[in-house]
Amino acid sequence: MTLRILDGKQIADEIKAEVAREVKELIHQGTRPPQLTAVLVGENPASRVYVKNKGHTAEELGIESATIHLPETTPTELLLEEVRRLNRDDEVDGILVQLPLPRIINADQILDEIDVKKDVDGIHPANLGRLVLGQPCLEPCTPAGIIQILERSGIRIAGVRACVLGRSRIVGKPVAAMLLNRHATVTICHSKTPELASVTREADILIAAIGRPGFVTGDMIGPGATVIDVGINEISSQTDLARFFDGEELERRSVVVARKGRTLVGDVEWKSAIAVAGLITPVPGGVGLLTIAMLMKNVLEARKAKGR
Ligand code: NDP
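Residues numbered from 1 in each chain as written. Predicted model: local features only at pLDDT ≥ 70, side-chain atom pairs only at ≥ 80, totals over all residues. Heavy atoms only, no water.

**Some details on the packing of helix α6 (residues 141-152) against helix α7 (residues 172-181)**
For step 1, the next point in the chain: Orientation of α6 relative to α7, taken along the N-to-C sense of each, is 40°, at an axis distance of 9 Å. The angle between α6 and α7 places the two elements in the oblique class. Here α6 runs over α7; the crossing is right-handed. Of the residues in α7, those in contact with P143, A144, I146, I147 and L150 of α6 are P174, V175, M178 and L179. (Axes fitted to C-alpha atoms, helices over the stretch in contact; angles between N-to-C directions. Helix = DSSP H or I, 4+ residues; strand = E, 2+ residues; numbered from the N terminus. Parallel < 35°, antiparallel > 145°, perpendicular 65-115°, else oblique. Left-handed = near helix turned anticlockwise from the far one by under 90°. Contact = heavy atoms within 4.5 Å.)

Right under this line is the structure:
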């Protein structure tokens, strides 16, 4: 069985080009371009980078973007007010509240307050409810990106066994619903699942979204399975590097660690997984790139749904 390593950049670039074309067309027709407003609370360095990248990507595609940066000590009530103001603002098509929020804020209350039609992260209870029912909605970005990876790579979903590791609101539960809507037989695993490896090994499509570096090892993967690695974790020690990689990839990653002090890895142990899998998504260069592309698609859809 030959291994295919998925090129997430190629698929993300395709989707972004499609979005950019549609945005251009809207503007050509005299419609205001789509607008995305991100709300960032506090100084979490990863969140700052994510918000900055989303803003850059939006502008590349002709989507207007703005960021509202609030202090770490912002109380829930004040953030709710900000969200309500954005809900009322007709010039704003998409609202993105960057997660995680500081602990003093009630995140569920904030997400529930976002106008369903502006919920470009697709995680408002109404959008998630519609998703489960198979009704049109703004779909959560990472799960939608995973589906794009599978469909654009020609991986069959209907009738196959899919296993989703993780049951979070933003990845595990919605991607399981989307696979089920496409007629896969879906098993969802979590931290209380007994004999996990015996379940994961049965899967034709295995989706790992748990946030533990290298948790999924080659012996947990069925021969020829499609492995979608959602995890984003950092490793820096030589021992971890040698566990994940060998050969040229080990050399390349060692150079990255020497330069940056760390390298990104997924929830799948690369070295042992590629010996068994049929198709695998790399980290970085896989699902993460699709997440941003699908966010842009959602902003465009939110704009189109509004009309002129
Ligand atoms: P959460 O922490 O919200 O959820 C993790 C899930 O994994 C939980 O359901 C948990 O089970 C399960 N889990 C944890 N440990 C185990 C274990 N030992 N065995 C089985 N299941 C386990 O994570 P997210 O879904 O938010 O994110 C998962 C990963 O994906 C992270 O690395 C995150 O950084 C990354 N991510 C990447 C994105 C991208 O664009 N590529 C986007 C979003 C997330 P339980 O419910 O029982 O606690």
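**Thoughts on the pattern of salt bridges**
For step 1, the next point in the chain: Going through the model one piece at a time under the given rule, you end up with 24 salt bridges.
For step 2, the next point in the chain: Close ionic contact of E18 with R152 constitutes a salt bridge, the shortest N to O distance being 2.9 Å. Of the two residues, E18 is situated in helix α1 (residues 8-28) and R152 in helix α6; the sequence distance between them amounts to 134 residues.
For step 3, the next point in the chain: For E43, the salt bridge identified is with R48, shortest N-O distance 2.5 Å.
For step 4, the next point in the chain: On the basis of relative accessible area, E43 is assigned to the partly exposed category, the value being 45%.
For step 5, the next point in the chain: Look at the salt bridges and you will find they share partners, linking E22, K297, E301 and K304 into a network. (Salt bridge = Lys/Arg side-chain N within 4 Å of Asp/Glu carboxyl O. Buried < 20%, exposed > 50% of the residue type's maximum accessible area, 1.4 Å probe, protein only.)

**Considerations on the environment of A176**
For step 1, the next point in the chain: On the secondary structure map, A176 appears in helix α7.
For step 2, the next point in the chain: Those residues in contact with A176 that sit more than four places away from it in its chain are V164, V186 and I188.

**Description of a negative patch on the surface**
For step 1, the next point in the chain: Among the surface-exposed residues, E59, E64, D90 and E91 lie close enough to one another that they form a single negatively charged patch.
For step 2, the next point in the chain: Residue placement: E59 occurs in helix α2 (residues 45-60). (Patch = residues over 30% accessible without salt bridge, like charges linked within 9 Å, V, L, I, M, F, W, Y side chains within 5 Å. Areas by Shrake-Rupley, 256 points an atom, 1.4 Å probe, with all protein chains shown as cover. Lys, Arg positive; Asp, Glu negative; His and termini not counted. Charge placed at Lys NZ, Arg CZ, Asp CG, Glu CD.)

**Concerning the sheet that holds strand β11 (residues 279-280)**
For step 1, the next point in the chain: Spatially, six strands are ordered β1-β11-β8-β7-β5-β6 in an open sheet, and the strand pairing comes out parallel. In this open sheet, the two edge strands, each paired with only one partner strand, are β1 (4-5) and β6 (185-189).
For step 2, the next point in the chain: Strand direction decides the pairing type here: strand β8 (residues 226-229) and β11, joined by two bridges, are parallel. Residue pairing across strands places V227 opposite I280, the latter belonging to β11.
For step 3, the next point in the chain: Of the strands in this sheet, β7 (205-208) and β8 touch α6, which is tilted by about 150° from β8.
For step 4, the next point in the chain: The strands touched by α7 within the sheet are β5 (161-165), β6 and β7, with β5 carrying the most contacts at an inclination of about 170°. (Pairing = 2+ DSSP bridges.)

**Some thoughts on the site of the ligand**
For step 1, the next point in the chain: Neighbouring residues of the ligand: 20 residues in total, closest R167, S168, S191, R212 and T291.
For step 2, the next point in the chain: In the environment of the ligand, a nitrogen atom lies 2.8 Å from a nitrogen or oxygen atom belonging to the side chain of R212.
For step 3, the next point in the chain: Taking I232, its main chain carries an N or O atom lying 3.1 Å from an oxygen atom of the ligand.
For step 4, the next point in the chain: In the complex, the protein chains occlude 72% of the 940 Å² of accessible area that the ligand would expose alone.
For step 5, the next point in the chain: The element contributing the most residues to the shell around the ligand is helix α12 (residues 287-306), with three residues.
For step 6, the next point in the chain: The class makeup of the residues in the shell around the ligand is eight nonpolar, 10 polar and two charged. (Near = heavy atom within 4 Å. Polar contact = N/O pair within 3.5 Å; in protein donor to acceptor, adjacent residues only side chain to side chain. Nonpolar A, V, L, I, M, F, W, Y, C, P; charged D, E, K, R; others polar.)

**Quick notes on the packing of aromatic side chains**
For step 1, the next point in the chain: For the structure on display, the rule yields one aromatic pair.
For step 2, the next point in the chain: When the ring of F244 is compared with that of F245, the centres are 5.7 Å apart and the planes differ by 40°; the resulting orientation is tilted.
For step 3, the next point in the chain: Judged by its relative accessible area of 3%, F245 falls in the buried class. (Phe/Tyr/Trp six-rings, centres within 6.5 Å; stacked < 30°, edge-to-face > 60°.)

**Structural notes on the side chain of D93**
For step 1, the next point in the chain: The topology assignment puts D93 in the loop between α3 (76-88) and β4 (94-97).
For step 2, the next point in the chain: One polar contact links D93 to R32, side chain to side chain, over a distance of 3.1 Å.
For step 3, the next point in the chain: Among residues more than four places away in sequence, those in contact with D93 are R32, P33, P34, Q35, K117, K118, V299, A302, R303 and K306.

**Considerations on α3**
For step 1, the next point in the chain: In a regular helix each residue adds 1.5 Å, so 13 residues correspond to 18 Å; α3 covers 18 Å between its end C-alpha atoms and thus fits that length.
For step 2, the next point in the chain: T76, L79, L80, E82, V83, L86 and N87 are the residues of α3 that are buried. Across the axial projection of α3, the buried residues extend over an arc of 160°, all falling on one side.
For step 3, the next point in the chain: Elements in contact with the buried residues of α3: β2 (35-41), β3 (64-70), β4 and α4 (107-113). (Expected span 1.5 Å × (residues − 1). Arc of directions from axis to C-beta.)

Such coordinate-based values are descriptive only and should not be taken to indicate function.
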